[in-house]
Amino acid sequence: MDHPHQPPEDSAGRGKQAMSDLDDGFIRVLEDLIDALLRNGTLRLTDLPSQALEKLERRKAARQRMRDTHSLINDDDELI
């Protein structure tokens, strides 16, 4: 009998995708939590290991590029 929180064997691909989707959402929650802790002074950037800091900076830069691209697309849509 399958565990209620585990996908059946024949849906392993769907289960992996579902976990990946959950991980993506959870990563964003962690990023927002880190940002909040930095803003209120509970956490300092120097408290983070250099590898973690590098990953956070890369994700923030990628998110900003996505926002910029999306903004350009939306600006064009408003002109039509």
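Keep in mind the model is a prediction, meaning the values are calculated, not measured.

**Q** Which residues make up the side chain of Arg63, and what values go with them?
**A** With respect to the helices and strands, Arg63 occurs in helix α2 (residues 50-79). Apart from residues no more than four positions distant in its own chain, Arg63 is found in contact with Arg28 and Glu31.

**Q** Before we move on, could you go through helix α1 (residues 12-39) and cite the residues and values that matter?
**A** Between its first and last C-alpha, α1 extends 40 Å over 28 residues, near the 40 Å set by a 1.5 Å rise per residue. Among all positions of α1, only Gly15, Glu31 and Asp35 are buried. Two residues or fewer after α1 comes Gly41, characterised by a positive phi angle close to 85 degrees.

**Q** Before we move on, could you go through the pattern of salt bridges and cite the residues and values that matter?
**A** For the coordinates displayed, the defined rule picks out six salt bridges. In this structure, the salt-bridge partner of Lys60 is Asp35, at a minimum N-O distance of 2.8 Å. Separated by 25 residues along the polypeptide, Lys60 in helix α2 and Asp35 in helix α1 bring together distant segments of the chain. Lys60 sits in the partly exposed class, given a relative accessible area of 35%. Between Arg58 and Glu54 there is a salt bridge whose closest N-O contact spans 3.9 Å. Note that Arg58 and Glu54 are positioned in helix α2 at a spacing of four residues, about one turn of the helix. Residue classification places Arg58 among the partly exposed positions, given a relative accessible area of 48%. The network of salt bridges with shared partners includes Glu31, Arg59 and Arg63.

About the cut-offs
Residues numbered from 1 in each chain as written. Predicted model: local features only at pLDDT ≥ 70, side-chain atom pairs only at ≥ 80, totals over all residues. Heavy atoms only, no water. Helix = DSSP H or I, 4+ residues; strand = E, 2+ residues; numbered from the N terminus. Contact = heavy atoms within 4.5 Å. Expected span 1.5 Å × (residues − 1). Buried < 20%, exposed > 50% of the residue type's maximum accessible area, 1.4 Å probe, protein only. Salt bridge = Lys/Arg side-chain N within 4 Å of Asp/Glu carboxyl O.

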